[in-house]
Each structure stands twice: as C-alpha cells, then as structure tokens.
Amino acid sequence: MEHIRTPKVEHVSLIDRASPRKPCVGTLYLTASHSIFVEHDAERHRETWVLHSLVCLVEKLPTTPAGCPLLLRCRNFQVFQFIIPQEKDCQDVHASLTRLSRPERYAELYCFSFNPNTDKEAREEGWSAIDLQAEYRRMGLPNHLWQLTMANRDYRVCDTYPSDLYVPKSVTTPIVVGSSKFRSRGRFPTLTYYHRDNHATICRSSQPLSGFSARCLEDEQMLQAITSSNPGSSFMYVVDTRPKLNAMANRAAGKGYENEDNYSNIRFQFLGIENIHVMRSSQQKMFEVCDLRSPTMTDFLWGLENSGWLKHIKAILDAGVFIARAVAEEGVSVLVHCSDGWDRTAQACSVASLLLDPFYRTLKGLMVLIERDWVSFGHKFSHRYGHLDGDPREVSPVMDQFLECVWQLSLQFPCAFEYNERFLLHLHEQIHSCQFGNFLGNSQKEREELRVRERTHSVWAHLWMNRADYINPLYRPDHSQTQGVLRPATAPYCFKFWRGMYCRSEQVHQRPPTVTDVLTTVREESQQLEAELSAQQEVPRGTAHPASEQENGDFGKDAYDERHSQDEHSE
Amino acid sequence: MEFAELIKTPRVDGVVLHRPFMPTVEGTLCLTGHHLILSSRQDNTEELWLLHSNIDYIEKRFVGSLGTIIVKCKDLRIIQLDIPGMEECLNIASSIEALSTLDSVSLMYPFFYRPMFEVVEDGWNMFLPEEITLTLLTDEWRLSSVNKDFGVCPTYPQLVAVPKAVDDDTLRKVATFRHGGRFPVLSYYHKKNGMVMMRAGQPLTGTNGRRCKEDEKLINATLRPGKRGYIIDTRAINVAQQAKARGGGFEQEASYPQWRRIHKAIERYNILQESLIKLVEACNDQSQSMDRWLSKLEASNWQTHVKEIVTTACLAAQCIDREGASVLVHGTEGTDSTLQVTSLAQIILDPCCRTMRGFQSLVEREWLQAGHPFQQRCAQSAYSNSKARLEAPVFLLFLDCVWQVLRQFPCSFQFNEHFLVLLFEHAYASQFGTFLGNNAAERLKLKLPQKTVSLWSWVNRPQEMERFLNPLYEPNNLVIWPSVAPQSLLLWEGVFLRWNRSSKCLDEAYDEMVHIIEYNKELQSKVNALRRQLAQLETGDGLLETP
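Quick caveat, the model's predicted, so the values are computed rather than measured.

**Overview of the overall build of chain B**
Point 1. The number of helices and strands found in chain B is 20 helices and 14 strands.
Point 2. In summary, chain B has a C-alpha radius of gyration of 26 Å against a globular reference of 24 Å for 547 residues, a match within 12%.
Point 3. Considered along the principal axes of its C-alpha atoms, chain B spans approximately 95 × 75 × 50 Å.
Point 4. Residue burial in chain B is summarised as follows: out of 547 residues, 59% are buried.
Point 5. Pairs at least 24 residues apart make up 70% of the contacts formed inside chain B by residues separated by at least 6 positions.
Point 6. Approximately 22,800 Å² of chain B is accessible, and the part contributed by carbon and sulfur atoms is 52%.
Point 7. On chain B, the mean spot of the 59 positive side-chain charges and the mean spot of the 64 negative ones are 8 Å from each other.

**Considering the pairing of strand β10 (residues 185-190) of chain B**
Point 1. For β10 of chain B, the tally of buried residues reaches 6 of 6 residues, placing the bulk of the element in the interior.
Point 2. A loop of 4 residues connects β10 of chain B with strand β11 (residues 195-199) of chain B, the two strands running antiparallel in sequence, and Gly 194 of chain B in this loop sits at a positive phi of about 75°.

**Quick word on the interface of chain B and chain A**
Point 1. Each partner contributes residues to the interface: chain B has 46 residues there, and chain A has 52 residues.
Point 2. Here chain B packs against chain A, burying approximately 4,400 Å² in sum over the two surfaces, 68% of which is carbon and sulfur.
Point 3. When the buried surface of chain B facing chain A is broken down by residue, Met 290, Gln 487 and Tyr 519 of chain B rank first, second and third, together holding 16% of it.
Point 4. Connecting chain B to chain A are 4 salt bridges.
Point 5. We note a salt bridge from Glu 532 of chain A to Arg 531 of chain B, for which the minimum N-O separation is 2.9 Å.
Point 6. Our count for the chain B to chain A interface comes out at 15 residue pairs in polar contact (both at pLDDT 80 or more).
Point 7. Looking at the side of chain B that touches chain A, the elements that each hand over two or more residues are α8 (290-300), α9 (302-321) and α20 (504-545) of chain B.
Point 8. Looking at which element gives the most residues to the side of chain B that touches chain A, the answer is α20 of chain B, with 19 residues.
Point 9. Partitioning the side of chain B that touches chain A into residue classes produces 23 nonpolar, 14 polar and 9 charged.

**With respect to the sheet that holds strand β7 (residues 79-84) of chain A**
Residue and element names in this part refer to chain A.
Point 1. The 7 strands are arranged β4-β3-β2-β1-β7-β6-β5 in an open sheet whose pairing can be described as antiparallel. Each edge of the open sheet carries a strand with a single partner, namely β4 (47-51) and β5 (55-60). For this sheet, the mean inter-axis angle between neighbouring strands, taken without regard to orientation, is 30°.
Point 2. Pairing analysis gives 5 bridges linking strand β2 (residues 24-30) to strand β3 (residues 34-39), with the strands arranged antiparallel. Bridge pairing in β3 places Leu 30 opposite Ser 35.

**Remarks on the packing of helix α13 (residues 394-408) of chain B against helix α14 (residues 417-428) of chain B**
Axis angle and axis distance: for two packed helices, these are the angle between their axes and the distance between the axes, and together they describe the pair.
Residues and elements named next belong to chain B.
Point 1. Between α13 and α14, the shortest axis-to-axis distance is 10 Å and the interhelical angle comes to 180°. Between α13 and α14, the crossing angle belongs to the class labelled roughly antiparallel. Note on element contacts: α14 touches α13 through Glu 417, Leu 420, Leu 423, Phe 424 and Ala 427, opposite Phe 395, Leu 396, Leu 399, Val 402, Trp 403 and Leu 406.

**Let's talk about the sheet that holds strand β13 (residues 259-263) of chain B**
All names here are of chain B.
Point 1. The strand order across the open sheet built from 5 strands is β10-β11-β14-β12-β13, with neighbouring strands paired in mixed fashion. Two strands in the sheet have a free side with no partner beyond their single neighbour: β10 and β13. Direction aside, the axes of adjacent strands within the sheet are offset by 20° on average.
Point 2. Contacting β10, β11 and β14 (327-330), helix α10 (residues 337-349) crosses the sheet at an angle of about 155° to β11.

**Digging into the confidence of the model for chain B**
Point 1. Here chain B shows a mean pLDDT of 92. Residues at 70 or above account for 96%.
Point 2. Across the whole predicted complex the pTM is 0.93, and at the interface the ipTM reaches 0.93.

**Considerations on unusual backbone geometry**
Point 1. Here the residue pair Leu 141 of chain A and Pro 142 of chain A is connected by a cis peptide bond, since its omega of -5° sits within 30 degrees of zero.
Point 2. Inspection of the secondary structure puts Pro 142 of chain A in the loop between α3 (132-139) and β8 (146-149).
Point 3. In this structure, Phe 77 of chain A is a non-glycine residue whose phi angle is positive, near 75°.
Point 4. Note that Phe 77 of chain A resides in the loop between β6 (68-74) and β7.
Point 5. In this structure, Lys 447 of chain B takes a positive phi of about 50° despite not being glycine.
Point 6. Topologically, Lys 447 of chain B is positioned in the loop between α15 (440-445) and α16 (448-451).
Point 7. The exposure class assigned to Lys 447 of chain B is partly exposed, which follows from its relative accessible area of 44%.

**Quick word on the pattern of salt bridges**
Residue and element names in this part refer to chain A.
Point 1. Throughout the structure, instances matching the rule amount to 61 salt bridges over all chains.
Point 2. Note that Arg 46 is salt-bridged to Glu 39, the shortest N-O span being 3.2 Å.
Point 3. Arg 46 gets classed as buried once you look at its relative accessible area, which sits at 16%.
Point 4. You can call Glu 39 buried: its relative accessible area is 3%.

**Let's talk about the nonpolar core**
Point 1. Grouped together as the largest cluster of nonpolar side chains are 228 residues, with contacts concentrated most on Phe 359 and Phe 496 of chain B.
Point 2. Looking at which element gives the most residues to this core, the answer is helix α9 (residues 309-330) of chain A, with 12 residues.
Point 3. Among residues more than four places away in sequence, those in contact with Phe 496 of chain B are Leu 76, Leu 276, Leu 279, Val 280, Cys 283, Trp 302, Leu 396, Asp 400 and Leu 491 of chain B.
Point 4. Formed by 28 residues, the second largest nonpolar core is a distinct cluster that contains Val 174, Phe 177, Val 196 and Met 198 of chain B.

**Structural notes on the side chain of Ser 333 of chain A**
Residues and elements named next belong to chain A.
Point 1. Within the fold, Ser 333 resides in the loop between α9 and β14 (334-337).
Point 2. According to the relative accessible area criterion, Ser 333 is buried, its value standing at 1%.
Point 3. In this structure, Ser 333 is in contact with His 199, Ala 200, Thr 201, Ile 226, Asn 230, Met 236 and Tyr 237, ignoring residues within four places of it in sequence.

**Section: the packing of aromatic side chains**
Point 1. Inspection of the entire model under this criterion finds 51 aromatic pairs over all chains.
Point 2. Every member of this aromatic cluster is reached through a ring pair, and the members are Phe 359, Trp 367, Phe 374, Phe 395, Phe 398, Phe 413, Phe 415, Phe 419, Phe 435 and Phe 468 of chain B.
Point 3. Over the ring of Phe 235 of chain A we find Arg 267 of chain A, and its NZ or CZ is 3.7 Å from the ring centre.
Point 4. When the ring centre of Trp 403 of chain B is taken as reference, the NZ or CZ atom of Arg 407 of chain B above it lies at 6.0 Å.

**Concerning helix α2 (residues 120-128) of chain A**
Residue and element names in this part refer to chain A.
Point 1. Restricting attention to buried positions, one finds in α2 the residues Ala 122, Arg 123, Gly 126 and Trp 127. Mapping the buried residues of α2 onto a view down its axis gives an arc of 140°, with all of them on the same face. Opposite the packed face of α2, turned more than 90 degrees from it, sit the exposed residues Lys 120 and Glu 121.
Point 2. Close packing links the buried residues of α2 with α16 (452-455) and α17 (459-465).

Criteria and cut-off values
Residues numbered from 1 in each chain as written. Chains lettered and ligands numbered in written order. Predicted model: local features only at pLDDT ≥ 70, side-chain atom pairs only at ≥ 80, totals over all residues. Heavy atoms only, no water. Helix = DSSP H or I, 4+ residues; strand = E, 2+ residues; numbered from the N terminus. Rg over C-alpha atoms; globule rule 2.2 N^0.38 Å. Buried < 20%, exposed > 50% of the residue type's maximum accessible area, 1.4 Å probe, protein only. Contact = heavy atoms within 4.5 Å. Areas by Shrake-Rupley, 256 points an atom, 1.4 Å probe, with all protein chains shown as cover. Lys, Arg positive; Asp, Glu negative; His and termini not counted. Charge placed at Lys NZ, Arg CZ, Asp CG, Glu CD. Pairing = 2+ DSSP bridges. Buried area = accessible area lost by both parts, 1.4 Å probe. Salt bridge = Lys/Arg side-chain N within 4 Å of Asp/Glu carboxyl O. Polar contact = N/O pair within 3.5 Å; in protein donor to acceptor, adjacent residues only side chain to side chain. Nonpolar A, V, L, I, M, F, W, Y, C, P; charged D, E, K, R; others polar. Axes fitted to C-alpha atoms, helices over the stretch in contact; angles between N-to-C directions. Parallel < 35°, antiparallel > 145°, perpendicular 65-115°, else oblique. pLDDT = per-residue confidence, 0-100. Core = buried A, V, L, I, M, F, W, Y, C linked by side-chain atoms within 4.5 Å. Phe/Tyr/Trp six-rings, centres within 6.5 Å; stacked < 30°, edge-to-face > 60°. Lys NZ or Arg CZ within 6 Å of the ring centre and 35° of its normal. Arc of directions from axis to C-beta.

Printed below as a string of structure tokens:
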C-alpha cells in the first residue's frame, strides 16, 4: 500500500475509444491490486476493474482544457484513457500506477494476495487437477520402449527441466548425464509426446555444444536410442527450429547443431522460426498498426505485412505441421530443439501435439498440453511476460504466438476444438496477470522454491469452473473433424489477423453478437428444454451432446468465488 | 447461324478432367451449342456441365500429341482437360473460344433453356415497378410514366417515382441537364422520418457553369421547409472537376444553397477490373510467401474499394437516419458507383432489404431497373486477356460489401452467403434471362419475360430456397451500422478462395450450426406440446374433482 499516493480521485472521465465524445464520469480508486473506476451514473453504476499486473504502460498525455489525460495500456491489449481534472492528482496516479505495475519481487505479485474464499482442501484439489504423470500414462508410458528416468531428481542434471522425465529404456543415467553436459543448460533430449498408433515420438532438447567439431559419445548414444525405440523407422529427424544462419552463428560460441556425419541415422532439418527479439519487435509493429486512428486499407495491410507477424505465425505452424507429418504419416520420431529449447521448441512441440492428438483439442487437453510443454519444461514465463520489473530484452510474445496458432487452426477446423476463442483470450490474460501461481517464475524448480502450491491458487481449477463460458458450440466429440490428425493448409491466405486479440479496445458490448454467441445461447436453451422434457418424459435419442458435462467432477468442487473471475467490466 | 458450324469436333473420348479438390475423371468430352460436357459414363462420378458463357479464357499446351486445355471460368474456377490428339485439342479449343464469345444476345443459352421444374411463381412478374414503388409512395411522391417509350432516359424503366409537385414537362427539361437523361428519381423512402434517397446522373454544368432551374426545383421539392439536404458525389473532387471539361460537372453551391455536397472516391471501370484481375492472380498464386501475398493483396486495392463503398453507403445512411436529411447520390452516369451506394445504404437502413424477397426486390429495383449495364460489365471476368473497355466488377463489389455486412451481423439477414455467391455466378453466366441486357428498354426489346426463365422463378421454389436461407436469421428492425475499420473488412473467401482451399470443414461447421438450431426447434415444439398436454390434464383433473 505504500506505493499508493492517492487512493481516490473524483470526477474522472473514462473515454470510450469507440465514441470519444461521450465520456463517462466517475471516481477512480487505487487499491493494492486494482484500479477501479466507478461510474457516477446512478442507473448503470458500472465498474471497470484493471489489474495492476496487466498494465504494461502508464502514459501521461499533454494536458488539455478538460484535464490531464492518462493512458493505461494493458498486456492483454486493452487500452483505457482517463481524464483527471487536477494535474497534481494525475501525477500521483501516474507515479503510483507506474510503480504498482512494475513489481520488483515475486512477493508483490497478485497471486500471493488473491484469495478466492476456498478452503485448503479445494486449493490442493485444484493444484492436483492437472497431473502430468497421468498424462504420460494416457499416452501409454512407461512401456517396453520408454522409461521414467530418476536422473533429474532434485533437478540434479538440469534445473530448468521437470524432475520426472522419460527416456528410451536403454538409456542409463550416465548417458543422460553425459548428454546433458553436451547440451545448452543441460537440457538433454527427452520425450514430450508419444504417438501410440505407431510408437513414433516427439523429443525435445536444447542445442548441442558442438561448435565446429566437438562430439559427445553419450549424446550420440542418446539419439541412437531414441531412433531405436521406434521400431517403425530406421532413422529419426533432428529439427532445429532456428533459421540456418542463426544456428551457424552459434557454432562460433561453441554451440550449434548436430553434424549428420557424427550421428548415425539422423536426418537434419532447419525450420526457420525467428528469435525472441525479432518476435518482440514484430508484435510491437503490429500494435502500432492497430493503434492508428482511422487507418486506410493500405495503411493496415501494409503495416500488417511490414510487421511480419503473420509470417512468423506461419513459420511456427509450418514447423508443427512438419513434425506432425513426420510422426503420423512417416512414422518417424523427431527431436526438436532451438537454442535453449524453451521458446521455439515449446511452440513447435505443442503445435505438433495439437495436430496429432484430439485430446489436446479438448478444454482439459489444452491445459495439460500447456502444463507439459510450457510450464513443466521451463518456459520462462516470468521473463517472457515481464512479471517483474527486469530486462526488457527478455520479454517476448512466445505464448501469444502459440495461442494464435491454436486460433488460426480453429478457423480452419471450426468443429475440432472443444474450447472457443474466449478461452484462448482468458488464458492469455492469466499468463500475464499473475492472479494465479501457475505461470510464476521461470521453471518448475523456482515454483517449488516459491511454494506456489501452498501460497497461491491454480488457474486450471478456476478456468474449469467457468468452463461453460469456454465451450465451442460447434464441437462434438463424435464429429469426424474431431478425430485423428489435423492437416491444416498453410498457404499465406489461410492466416487471418486476430481481431479478437489485438483489437480489444473496441468496446465489446457495442458489437453485434457473433455466430458463436448465438449458437451458445441456443445450445444452452436446448439443454434447459432437454431437462424439462426429461423431467416429464424421455428425451429424443441421439442428439444430446453437452460435451462439457462428460468429465464433470474431475476438478473438484466449484468453490471459487465467481466475482473474482470477472475483474473487468463487471456489472 | 447454326452452332454446328462452330463445333468442329463434337466429341472426343479419353479426355481427363482435373478439377480443384475433386478426383480426376476420365471420360468423353462433348461440345453442344451452349455446354461443354464431360461424362465418364459411370454412375458414381459427377459429370461436368459447363456453360460456354461461363468460360472467361482458355490456354492450350502441348506435350507430344497430348494436348491440354486450361479452362478459366468467370466464376474464377480453373479446370484442366487433357485431350489426346493435337488436332482434336485444337478443334475443341477453337470451338470453345468461338462459342464462349458469341456476339448476339439472342443466341445465349437462356433463350434455349427449358426449365425442368414447374414455374409456380413467375419471377418476371414478382417485382413489377408499379408494385415496387407503390409501397414507397406517400402523398409527396407519384409514379411518372414520362419515360414510357424510353424517350426521356434510355436507361431508366418506364415508371419512375418523382416528387408530386413536379410535372412531366419539368422532368423532360431536367433530363436534358443530367447525364444520360438520368434525372433525379426516388431510390428509397425512409419510413421512420420521411427522409428520402434519390439518385441521378451528373449535372451537365460544363465549364461555364450551366444552371437548370427545373433541376433545382425538382430536388428542392424533396426538402422539408428550412431543412438542408446532402449531395453525395461518388467521385473525388478532382475527378468531378475534370468532368466539367467533358460537359459534366457537379452542383455548384450558388445554385443549390440548400444542399451540402460531399465527395467520396469510388473507383470505376478499368480500375476495378484491373483490381479484380490482380486480386484473383494473388489468390491463385500457391507458391508465394506471406510477404508476397499481403503485398499483392494490398496492391490489388480490392479491399480499399470495398471499404470506400461501405463507408460511402454508411455516410448516406447516416445523413438520412441520424441527421434527418434527404440525400441525392450521383457519380458520372449514375449506373455504377451510385447504385452501389444507394443499394448498400438500403441494406443498412431497411430491414426489408435483408430478407430473401426484399433483397431480390432491391437487386431488381436498384440494379436491373435502374439500368446497371450487366451485359457490358459482366462480359469478362478476372482471366480475360482482352483489354477491358466496359467490363467492371461493380455488382461483384456490391455483393462483397453485402457479405461484409452480413458477416458482421450474422443474424440480421434472411439469406446466407451462398445466395450472394449464386447471384455473382448468375450475373456472369446463367441459364436464366434475369441478368441479360443492359437496361429495361433492352430487356423489353429482347422479350426476355416471354422467351426466358427468370432466376427468381427458380430461386423462390421452396426446395431451392432452403439452401439459401440463413438458419440464424432473427428479424431485426433496427438500422445496422457496419464497422468500416480495415480489420473488420475481410477478404471474401467464399468467392476468391473458393477454388483454392477445401471448404469441407467449413461446410461441416455450417451443417453443425443448422443441426443445433433445428434440434432446438424440435425441442421447442415438443416442450410446447407437453405443456399443452399438462395444461389440459390439469383442467381435466379439475373437472373430475368437481363433484
């Protein structure tokens, strides 16, 4: 609370970007976690809540006769513009919010104070809802080809990996240790996805420390073991998701990529996804386009092209398609890496998994996928999404791009995904807001040290509780589109600008309902009618399909306080 | 002329047909007077029946004695025919070229087509001008038959709606002052506030600023006392200035003090045609990078045209509905951009135009009767090599704009996207006579109602109509304001990417949507029946209980 210079300012105007001439007047409150704007209008009494941790920029604009404009830019791309009558107040609010939106220590983050009125039991149940060991069992592991290795217990070998990892049955701890010494940050090759149908796998690692000529026997044995654990193929692909030029430059620093001559039976491939710095500036350029006041079509299309954003999205999806095709169609295992193996590798592996396995296209499946490929494998959430005031060069929209790939796929396969766009948008918000502990820190080890399971709540339980909001009405588990491997088209014209994500400041309540909204309402009504009918007589057969009700109870009791789930624009 | 003279080789065996997203078919190719037919004579494969008039351009290639003809259609589809034998291939190609570019309208297929269905409601009589406009009339407006013999304006219909206060002699004088004799007529009457939208050709002011008192009187007669109106000129100010040198021009403030003139820049003719050609070329380039695609899409300018038209239509609608002012729209001739604006503004303002019947009536009234020269504009599509003179995708752009609004308001239209695509196809090549000719006078001369079948006769049969109805339709009596932000206006994939990407998954989603809604309706009726039963039982019980 010591950072709040003024807790309350009266007669503040909130400007609606869609109709800037009609501001609403009200009171702005600053709390430890939120800015709250309460409209004075007695009839509506609308409240706008903005979480401090979602604010990425507080900007004071030149004073006008009406007062001092203050612009809040949020990490979920919402923009709020207030006009504060007194210069002094504006300065205070600006200074307070600037400090509040840039926490310096983990302890300041919202997840440590957020208390949704649940008991200890429910909290623990929430945390155990997504169980990665169950996920590996679901894929069919361990089995006669793959085993759980104890090598990384207590993070002895690699402190950015999870402790439980799967390696080929023939791989011994010395091989793991040897291989890890030959890989950046000790991130040795390990399994992430196992394709039950044909035993082909997706494995991941960081780049080898090969330089121009270095070799490592254990690493070569490791790759040979991965190839051998796939009885269907005599070779494996090693995929470096970086552009070739970047990978070659790394050789000078003693890193690099696998030499095909040193590894028996590998086929090497570059996939050309750019690094985090390119992606950060690309997204920045795209925001500038979205921010233009009444742009022409040329401004927009030229800006979109110039940002390169869709090109990068295509590169990631293409990488996923390459891997999925190798696994499903050729039956060949793939080892994926980039530099450290926690950004592009996570993107490529998770997109490929999504294409390969219908499970990840369900609500719970996507949670599991993110927990596995991103959370457990040490994607640096706190660095990438700037949870703490730190090095801006570490920030990059890696997860944004993954979520956008999912969205682009859902356009091509409207019936294949159980979740809707809103789910992706909420996930995006949660990753940035730190309301829950799941995405805290940069590795599993850090989260354990922070004791997030004891001190914070799990976002998955929260999302699951509100799952009715996230269901795609067109999804049906028995629909042909839902089954099997997705084979998306990746011609440039298949990629769309994601308006729902990047044009958040357009007022949602002024837009006409979308097809999804209407169908959701119709389906809800149908469910009520079904209930009314079944109370009286039998329901017509073969038509009922409320997908969300199948796994009811998996997530424990619906004990979370609803009010905390709708911080923004709650009535 | 006999078609037989043009058909050098009527049939070839062993022809292989390649179509987008369909298995190749081997069969016999037949040419008839109006169709290219490929049949495998097997029950399980679909035959190809292609109207010659749908063929925009063909290319020939030879590898040894195997010839290949690439047929590029006006609906943007590209198919490939592999024809064994060089001579056969050359003969087929030259026959197709001759048959797809017949000069005489009366040789077109609609004059030979006999419907395989019973015409229940004749489309030719569905939207008679009297009926169309009568509904609009109030005591301020009347129907004039000054153009009965098409003498005053050759591109207007015989009946037009004009202010009651203006007599036919005045109209004749005004016609001499407006391009093509297109004097201001009523296009739309806004019931909510009595404001109107009129359209006309440009005033012929010329370089020395000619005036026409009757013209001023006519349009002033539509203003309420003390009110101002808006003139929307669909040309940029410099284009309108240049028009003066050719005898055209625009309304000077001095002569029309009660009117405020606004210029918008909607392109016409070859600029639109080239835009279409570039867009389709971009869409068909499968091997390009993202940068190249976006840059080609931008360079085609198609989306810019869409944005400009929607914006101008919104402006017209805003003047009428929000400002409470009457509007006069014109460009140069008043047969292209003018109609795009007046018809789209009605979609925005008038819920009737968003119904199946109302939209057909709008097309009939604002495009066919209003004298949009379909025959000239739709003679060639995106693949033609010949220099475009009169061709322009004006109507396609209008349909694209309607699709944009429909996409933004998915529940407010009674018809669906398929219906818009259908109209695009039939405007360019059809078995029906609806889009033949350039104006009402030509259609009358061609005796289209007697000699051809109307598209509306076919579309409005319940079994056909079903495919074109929007399952999400909920009548919405409000004015709908579309967003014109560039990110809200999308490429119309249903037309431009139709043959480049499989629509299977999207079609399945559409079916799923229909299923969800039908299932809901089924439940509704069951629950209603049940409730009725319960109510009856209760009253029945009540009766039993009474002693």
